[in-house]
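Observations on the model geometry
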Amino acid sequence: MSELKINTFKHKINYLEPEPEILEQAAKIIKRGGLVAFPTETVYGLGADALNAQAVKKIYEAKGRPSNNPLILHINNLAQAEKLVYLDDRAELLMREFWPGPITFVLKAKDIIPLETRGGLDTAALRMPDNKIAAKLIEFADTPIAAPSANTSGRPSPTDFEAVNHDMDGRIDMILYSNNLNKNIGIESTVIDISEAQPLLLRAGGTAKELIDKVLMKNFNLKLAQPDEQSKRRSPGTRYRHYAPIIPVKICYFKDNNFINLQDNNEWGFIGLHEPDKNFNFKKILIFSSLEDYARELFKSFRDLEAENLQGIIAELPEDESGVGLGLRDRILRAAGAL
Ligand code: AMP
Ligand code: MG
């Protein structure tokens with residue numbers, strides 16, 4: 001990565017009633033090809049005008065992201081989708097059902113989307129975020145906003161101002177941040193490819209797989225399939241090590257009231273849903289009371305624990321794949337380098 005040094009403006013913005021003058025300032029930056037980090041209901045995004053190839057290149061530069069890993073275009077109304085991708089009845093039904101929300105649809109792209117935004121592919125990924133700041137920013141900028149997570153490539157995604165600032169200060173034009181933390185999902189959107197007859201689950205995330213399957217089954221007698229090797233190549237993001245702290249992450253399981261694979265180490269931290277026995281000597285223990293809380297706090301916990309000078313993190317891999325469980329498992333496994 002080259003050493004950029006930009007003066008990064010930082011603005012707190014109201015979550016329920018985002019101040020128009022701040023949105024205006026941020027939108028101006030997007031319109032002239034700059035970069036603005038902003039909150040969404042999943043994690044913080046690093047936004048640029050999705051239709052401006054030069055602006056999009058700056059995202060890859062600021063993140064150190066491989067240029068063949070395509071970006072998600074964020075929109076705030078269905079008419080915008082129509083301009084960007086080829087829609088059919090199935091796509092429209094799914095969008096109406098799940099948007100705004102943490103689900104991204106991959107569809108055949110129209111030529112208006114620069115190749116830089118879609119990593120050279122003939123498809124593009126679209127999402128309508130369920131967050132007023134994000135929606136208003138798209139509206140004010142009057143363009144779809146390409147936005148991957150606002151972290152250095154490979155690192156845990158940012159779920160608060162401190163994490164965005166740590167990775168992006170001096171590299172981007174502006175950081176918008178708000179304090180609404182308890183509603184955030186904490187992991188990224190579910191990505192499904194509906195560009196061909198068989199819908200594929202490319203990435204588990206904030207929208208439960210079983211909910212998508214229910215709608216697909218009821219309306220089209222279909223279920224999501226796992227991508228095979230060939231279609232995996234169509235989702236370049238799944239090829240890289242992701243979400244990883246600098247210190248190693250190891251996995252343990254909790255089954256029949258016992259931990260499996262739990263190693264005692266007083267230089268390590270522990271995160272999970274169940275408290276380890278008192279005779280374990282972890283330096284730091286973080287316990288979450290639900291899958292949702294675990295998902296919401298996962299990336300922040302990774303960053304907090306690595307800042308504590310620990311040698312590593314033992315993460316409990318939850319068994320429950322329902323709701324946000326499948327996405328949470330995916331993030332933990334990837335952080336541990338096990339996927
Ligand atoms: P990020 O925004 O960094 O959380 O990552 C976006 C994810 O969407 C990555 O896994 C990308 O590979 C995936 N993605 C974006 N566009 C496409 C596309 N056209 N086809 C398949 N996957 C995509
Ligand atoms: Mg990311």
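Relevant structure appears above.
All of the points below concern the structure found in this document. (Residues numbered from 1 in each chain as written. Chains lettered and ligands numbered in written order. Predicted model: local features only at pLDDT ≥ 70, side-chain atom pairs only at ≥ 80, totals over all residues. Heavy atoms only, no water.)

**Concerning the overall build of the chain**
- Each helix and strand counted, the chain has ten helices and 15 strands in total.
- Radius of gyration (C-alpha) of the chain: 20 Å, near the 20 Å computed for a compact globule of 339 residues.
- Its C-alpha atoms give the chain principal-axis dimensions of about 60 × 50 × 35 Å.
- For the chain, buried positions account for 57% of its 339 residues.
- In the chain, 69% of the contacts between residues at least 6 apart in sequence involve partners at least 24 apart.
- Accessible surface for the chain amounts to roughly 14,900 Å². Of this, 48% is attributable to carbon and sulfur atoms.
- Of the side chains in the chain, 43 bear a positive and 47 a negative charge, and the two mean positions are spaced by 3 Å. (Helix = DSSP H or I, 4+ residues; strand = E, 2+ residues; numbered from the N terminus. Rg over C-alpha atoms; globule rule 2.2 N^0.38 Å. Buried < 20%, exposed > 50% of the residue type's maximum accessible area, 1.4 Å probe, protein only. Contact = heavy atoms within 4.5 Å. Areas by Shrake-Rupley, 256 points an atom, 1.4 Å probe, with all protein chains shown as cover. Lys, Arg positive; Asp, Glu negative; His and termini not counted. Charge placed at Lys NZ, Arg CZ, Asp CG, Glu CD.)

**Brief notes about the sheet that holds strand β2 (residues 36-38)**
- A sheet is described by the order of its strands in space; here ten strands give the open sequence β1-β8-β2-β3-β7-β4-β6-β5-β9-β10, paired in mixed fashion. Each of the sheet's edge strands pairs with one partner strand only, and the pair in question is β1 (9-12) and β10 (200-203).
- Sheet topology note: the β2/strand β3 (residues 45-49) ladder contains three bridges and is antiparallel. By the bridge assignment, V36 is partnered in β3 with G47. (Pairing = 2+ DSSP bridges.)

**Quick look at the nonpolar core**
- Counting 48 residues, the largest nonpolar core has L46, L94, W99, F105, L126, I172 and I192 as its most contacted members.
- Top element by residues in this core is helix α2 (residues 53-63). It accounts for five residues.
- Contact partners of I192, with chain neighbours within four places excluded, come to L94, I103, T104, F105, V106, L200, L201, L202, I212 and L224.
- Formed by 25 residues, the second largest nonpolar core is a distinct cluster that contains F288, L291, F302 and I313. (Core = buried A, V, L, I, M, F, W, Y, C linked by side-chain atoms within 4.5 Å.)

**What about the side chain of E188?**
- Inspection of the secondary structure assignment puts E188 in the loop between β8 (174-177) and β9 (190-193).
- Here the side chain of E188 touches S157 through a polar contact of 2.3 Å, side chain to side chain.
- Ignoring any residue separated from it by four or fewer positions in sequence, one finds E188 in contact with T42, V43, S157, R203, G205, G206, Y243, F299 and R331. (Polar contact = N/O pair within 3.5 Å; in protein donor to acceptor, adjacent residues only side chain to side chain.)

**Comments concerning the pattern of salt bridges**
- Under the counting rule described, the total for this entry stands at 18 salt bridges.
- E17 is the salt-bridge partner of K132, the closest N and O atoms lying 3.8 Å from each other. Here the residue K132 occupies a position in helix α5 (residues 132-141), and E17 occupies one in the loop between β1 and α1 (20-31), the gap between them amounting to 115 residues.
- You can call K132 partly exposed: its relative accessible area is 37%.
- For D167, the salt bridge goes to R303, with nearest N and O atoms at 2.9 Å. (Salt bridge = Lys/Arg side-chain N within 4 Å of Asp/Glu carboxyl O.)

**A few points about the pairing of strand β6 (residues 123-127)**
- In terms of residue burial, β6 counts as a mostly covered element, since five of its five residues are buried.
- Neither face of β6 is open: one carries T123, A125 and R127, the other A124 and L126, and all of them are buried.
- Strand direction decides the pairing type here: strand β4 (residues 72-74) and β6, joined by three bridges, are parallel. In the strand pairing of β6, I72 is matched with A125.
- Where strand β5 (residues 103-108) meets β6, four bridges bridge the pair, whose relative direction is antiparallel. By the bridge assignment for β6, F105 is matched with L126.

**With respect to the packing of aromatic side chains**
- One pass over the structure, following the stated rule, counts seven aromatic pairs.
- Ring centres of F161 and Y177 lie 4.2 Å apart, and the angle between their planes is 35°; this geometry places the pair in the tilted category. You can see F161 sitting in helix α6 (residues 161-168) and its partner Y177 sitting in strand β8, a full 16 residues away along the chain. Per residue, the accessibility class of F161 equals that of Y177, and both read buried.
- Clustering of aromatic rings is evident, with ring pairs tying together F254, F259, F270, F280 and F282.
- Stacked on the ring of Y86, the Lys or Arg K110 has its end atom at 5.1 Å from the ring centre. (Phe/Tyr/Trp six-rings, centres within 6.5 Å; stacked < 30°, edge-to-face > 60°. Lys NZ or Arg CZ within 6 Å of the ring centre and 35° of its normal.)

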